[in-house]
Amino acid sequence: MIFNYAQEIFTAAGYTVSGMLFNIIITGVINVIFTVVGMYMVDRVGRRALMLFGAAGLFGIYAALGACYYFNCSGIFVLLLVLAGIAVYAMTLAPVTWVIIAEIFPTAVRAQAMAIATSLLWIACFVLTYTFPILNQSLGAAGTFWLYGIVCLIGYVFLWGQLKETKGKSLEEIEQEWSDEAITP
């Protein structure tokens, strides 16, 4: 969403066209760097820890961005929060989601389940991108970012309760773990 609407976000933060273009370049560079960091960390830190950190981090960043817009802060504060949001997302939720989707489904239905999960992920991405201008107009920038923060908080609670760590486990071990839990009352 930040990449698709960077112009609106940076304009609302008080940036001129040249400053806005520079900031868009910076956001792209940060995205690439932290995606590589995330790919490096996924097998060292673990999927669950990265997903929880991502959801919690984005909750805090979106809450702070909402506060910046609410209190009419502009300039470097907004830029730093946007860059932090991109960094957190790029090293956590963005790459790790794809790893988890490839690991959590039983072998017998993995291909179909991954297809459904991927389709739903892209539909959610479309809905997020499509609704941003609508939410921004009706809730304002502050309300929109606070809403996104609430969604991240709900995601954190869901991940905390439902996501098991898969780091260092074979696909068969992961499948057995899920099967054992489904059988045990």
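Quick note: structure is the one above.
Everything quoted here is computed from the prediction, not taken from an experiment.

Peer 1: How should helix H5 (residues 93-103) be read in this particular structure?
Peer 2: Across the eleven residues of H5, eight count as buried, placing the element largely inside the fold. For H5, the full list of buried residues reads Leu93, Ala94, Pro95, Val96, Thr97, Ile100, Ile101 and Glu103.

Peer 1: It is not clear to me how unusual backbone geometry should be interpreted in this structure. Could you clarify?
Peer 2: Negative phi values dominate among residues other than glycine, just as trans dominates among peptide bonds. With phi around 60°, Asn72 is a residue other than glycine that occupies positive phi space. Along the chain, Asn72 falls in the loop between helix H3 (47-70) and helix H4 (76-91). Assessed through its relative accessible area of 66%, Asn72 is described here as exposed.

Peer 1: Help me understand the nonpolar core in this model?
Peer 2: In globular proteins that are soluble, nonpolar side chains generally tend to be buried together. Judged by nonpolar contacts, the single largest core of 40 residues is most densely connected at Leu65, Tyr69 and Val82. Apart from the residues lying within four places of it in its own chain, the contact partners of Tyr69 are Ile9, Ala12, Ala13, Val78, Ala141, Ala142 and Phe145.

Peer 1: Mind showing me how you'd approach the state of the cysteines here?
Peer 2: As used here, a disulfide is simply a covalent bond connecting the sulfur atoms of two cysteines. Taken as a whole, this structure holds zero disulfides when the rule is applied. Here Cys68 stays unpaired: no disulfide links it, and the sulfur of Cys73, its closest cysteine neighbor, is 4.5 Å away. Cys68 gets classed as buried once you look at its relative accessible area, which sits at 10%. Not engaged in a disulfide, the cysteine Cys125 finds its nearest cysteine sulfur in Cys152; these two sulfurs lie 14 Å apart. Judged by relative accessible area, Cys125 falls into the partly exposed class, the value being 34%.

Peer 1: Any chance you could explain the pattern of salt bridges here in plain terms?
Peer 2: Note that side chains of opposite charge can pair when their charged atoms are close. If you walk through the whole model with that rule in mind, you get three salt bridges. Here Arg47 ties to Glu103 by a salt bridge, and the two come within 2.7 Å at their closest N and O atoms. Placement of Arg47 in helix H3 and of Glu103 in helix H5 is noted, with a sequence separation of 56 residues between them. Take Glu103: its relative accessible area is 11%, and that puts it in the buried class. Between Glu177 and Lys169 there is a salt bridge whose closest N-O contact spans 2.6 Å. The structure contains a network of salt bridges with shared partners spanning Asp43, Arg47 and Glu103.

Here is what the cut-offs are and how they apply
- Residues numbered from 1 in each chain as written.
- Predicted model: local features only at pLDDT ≥ 70, side-chain atom pairs only at ≥ 80, totals over all residues.
- Heavy atoms only, no water.
- Buried < 20%, exposed > 50% of the residue type's maximum accessible area, 1.4 Å probe, protein only.
- Helix = DSSP H or I, 4+ residues; strand = E, 2+ residues; numbered from the N terminus.
- Core = buried A, V, L, I, M, F, W, Y, C linked by side-chain atoms within 4.5 Å.
- Contact = heavy atoms within 4.5 Å.
- Disulfide = S-S within 2.5 Å.
- Salt bridge = Lys/Arg side-chain N within 4 Å of Asp/Glu carboxyl O.

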